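Residue strings, one per chain:
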Amino acid sequence: MKLRWIATTDPRLYRAYLLKEGLRTVFKLPIDQAADALERWIQWARRSRIESFVTLQRRIVGHREQILAAIEHGLSNGLVESMNTKIRLLTRIAFGFVHPEALISLAMLTLGGRRPSLPGRR
């Protein structure tokens, strides 16, 4: 219902939504279909006249081989980026700590997967 309303009131926003969803679909396809779908998406984005997508398609063209390799092998740096973001947050939290070992301990407790049992808790 809301998507239909957006399509009628703001066609440019609706086209941007469809482009975004089209690119998400490319990453869900098997490699043999993904290469063709990515090429069709690039052509669509190039003709969209939405500057953000035109710029994005240029970048995708420049990294097409790497993108297709990531799709083929199912690799992503998402987990590493997530960990980096969490460490940056912990660094801000630990700003007032006197010794760097406290930050390292906080990171190990938060991200290391070990949960010590605390007194009075299960």
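Please refer to the structure higher up on the page.
Student: In this structure, what is going on with the overall build of the protein? I would like to understand it.
Tutor: The helix and strand inventory of the protein stands at seven helices and zero strands. The helix and strand sequence of the protein, counted from the amino end, reads α-α-α-α-α-α-α. Here the C-alpha radius of gyration of the protein, 22 Å, is well above what a compact globule of 122 residues would show, namely 14 Å. Summarising its shape, the C-alpha atoms of the protein cover approximately 60 × 35 × 30 Å along the three principal directions. Contacts in the protein between residues at least 24 apart in sequence constitute 43% of all its contacts with a sequence separation of at least 6.

Student: I would appreciate a short explanation of the packing of helix H4 (residues 51-62) against helix H5 (residues 64-73) in the present structure.
Tutor: In a pair of packed helices, the angle between the axes and the distance between the axes together describe the arrangement. Here H4 crosses H5 at 80°, and the two axes come no closer than 4 Å. The orientation of H4 with respect to H5, classified from their angle, is roughly perpendicular. Here Ile60, Val61 and Gly62 of H4 lie close against H5, whose contacting residues are Arg64, Gln66 and Ile67. Split by residue class, the contact of H4 with H5 holds three nonpolar, two polar and one charged.

Student: Any chance you could explain helix H7 (residues 100-111) here in plain terms?
Tutor: Helical geometry: 3.6 residues make up each α-helical turn, so side chains three or four residues apart lie on a common side. Taking 1.5 Å of rise per residue, the twelve residues of H7 would be expected to cover 16 Å, and the 16 Å separating its terminal C-alpha atoms lies within 8% of that figure. Remark: glycine 113 follows H7 within two positions and exhibits a positive phi of approximately 85°.

Student: What am I meant to see in the pattern of salt bridges here?
Tutor: If charged atoms from side chains of opposite charge come close, those side chains can pair. Tallied over the full model, the rule gives three salt bridges. A salt bridge links lysine 20 to glutamate 21; its shortest N-O distance comes to 2.4 Å. Judged by relative accessible area, lysine 20 falls into the partly exposed class, the value being 36%. A salt bridge links glutamate 39 to arginine 64; the nearest nitrogen and oxygen atoms lie 3.1 Å apart. Residue glutamate 39 is located in helix H3 (residues 31-47), and its partner arginine 64 is located in helix H5; the two are separated by 25 residues in the primary sequence. Residue classification places arginine 64 among the partly exposed positions, given a relative accessible area of 24%.

Student: What is the right way to look at the packing of aromatic side chains in this model?
Tutor: Each pair of aromatic rings is reported with the distance of its centres and the angle of its planes. Taken as a whole and assessed by the stated rule, the structure comprises one aromatic pair. Between tryptophan 41 and phenylalanine 53, the ring centres sit 6.3 Å apart and the planes meet at 65°, which makes this aromatic pair edge-to-face. Of this pair, tryptophan 41 sits in helix H3 while phenylalanine 53 sits in helix H4, and the two are twelve residues apart along the sequence. The pair formed by tryptophan 41 and phenylalanine 53 is uniform in burial state, with each residue classed as buried.

How each quantity is defined
Residues numbered from 1 in each chain as written. Predicted model: local features only at pLDDT ≥ 70, side-chain atom pairs only at ≥ 80, totals over all residues. Heavy atoms only, no water. Helix = DSSP H or I, 4+ residues; strand = E, 2+ residues; numbered from the N terminus. Rg over C-alpha atoms; globule rule 2.2 N^0.38 Å. Contact = heavy atoms within 4.5 Å. Axes fitted to C-alpha atoms, helices over the stretch in contact; angles between N-to-C directions. Parallel < 35°, antiparallel > 145°, perpendicular 65-115°, else oblique. Nonpolar A, V, L, I, M, F, W, Y, C, P; charged D, E, K, R; others polar. Expected span 1.5 Å × (residues − 1). Salt bridge = Lys/Arg side-chain N within 4 Å of Asp/Glu carboxyl O. Buried < 20%, exposed > 50% of the residue type's maximum accessible area, 1.4 Å probe, protein only. Phe/Tyr/Trp six-rings, centres within 6.5 Å; stacked < 30°, edge-to-face > 60°.

These figures capture arrangement, not role.
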